Amino acid sequence: MRVKCVLCDEIGQLVDDAPLAKKLRNHPINTYMCESCSERITEQTNVRISTGKFIFHRSSHSAEENF
């Protein structure tokens, strides 16, 4: 399955039977982010969390209580 990163527009390939491929195919609202963009955002988020000024805004949904 061909996928396109939402941030850098890099075209990638996913195995058709991979869980992410099935998720993208069955729920089109979900988006794909390549590994390099995902790592970059994770690093920047961890830096923001370590400053102490980052606040998690959670809703009252029961699914987010286990977060």
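Use the structure listed above.
None of these values were measured; they are calculated from a predicted model. (Residues numbered from 1 in each chain as written. Predicted model: local features only at pLDDT ≥ 70, side-chain atom pairs only at ≥ 80, totals over all residues. Heavy atoms only, no water.)

Draft legend 1. Seen up close, the overall build of the protein chain. When you go through the protein chain residue by residue, the secondary structure sums to two helices and two strands. What you see in the protein chain, going N to C, is helices and strands ordered as β-β-α-α. Taken across its 67 residues, the protein chain has 13% of its residues classed as buried. Nonlocal contacts in the protein chain, meaning residues at least 24 apart in sequence, comprise 32% of its contacts between residues at least 6 apart. Here the protein chain has roughly 5800 Å² of accessible surface; of this, 52% comes from carbon and sulfur atoms. (Helix = DSSP H or I, 4+ residues; strand = E, 2+ residues; numbered from the N terminus. Buried < 20%, exposed > 50% of the residue type's maximum accessible area, 1.4 Å probe, protein only. Contact = heavy atoms within 4.5 Å. Areas by Shrake-Rupley, 256 points an atom, 1.4 Å probe, with all protein chains shown as cover.)

Draft legend 2. Looking closely at a nonpolar patch on the surface. Taken together, the side chains of Val 6, Leu 7, Met 33 and Ile 41 present a nonpolar region at the surface, about 310 Å² in accessible area. One can find Met 33 in the loop between helix H1 (19-26) and helix H2 (35-51). (Patch = residues over 30% accessible without salt bridge, like charges linked within 9 Å, V, L, I, M, F, W, Y side chains within 5 Å. Salt bridge = Lys/Arg side-chain N within 4 Å of Asp/Glu carboxyl O.)

Draft legend 3. Seen up close, the state of the cysteines. This structure, assessed with the given rule, holds zero disulfides. Between Cys 34, a cysteine without a disulfide, and Cys 37, which holds the nearest cysteine sulfur, the sulfur-to-sulfur distance is 3.5 Å. (Disulfide = S-S within 2.5 Å.)

Draft legend 4. Examining unusual backbone geometry more closely. Phi at Asp 9 takes a positive value of approximately 60°, unusual for a residue other than glycine. Mapped onto the fold, Asp 9 is located in the loop between strand S1 (2-4) and strand S2 (11-13). Classification of Asp 9 as partly exposed rests on a relative accessible area of 47%.

Draft legend 5. Spotlight on the environment of Ser 50. Following the sequence through the fold, Ser 50 ends up in helix H2. Given the relative accessible area of 60%, Ser 50 is considered exposed. In terms of polar contacts, Ser 50 uses its side chain to reach the backbone carbonyl oxygen of Val 47, at 2.7 Å. (Polar contact = N/O pair within 3.5 Å; in protein donor to acceptor, adjacent residues only side chain to side chain.)

Draft legend 6. Representation of H2 in the model. With 17 residues, H2 extends 25 Å from end C-alpha to end C-alpha; this agrees with the ideal 24 Å at 1.5 Å per step. Phi turns positive one or two residues past the end of H2, at Gly 52, with a value near 90°. (Expected span 1.5 Å × (residues − 1).)

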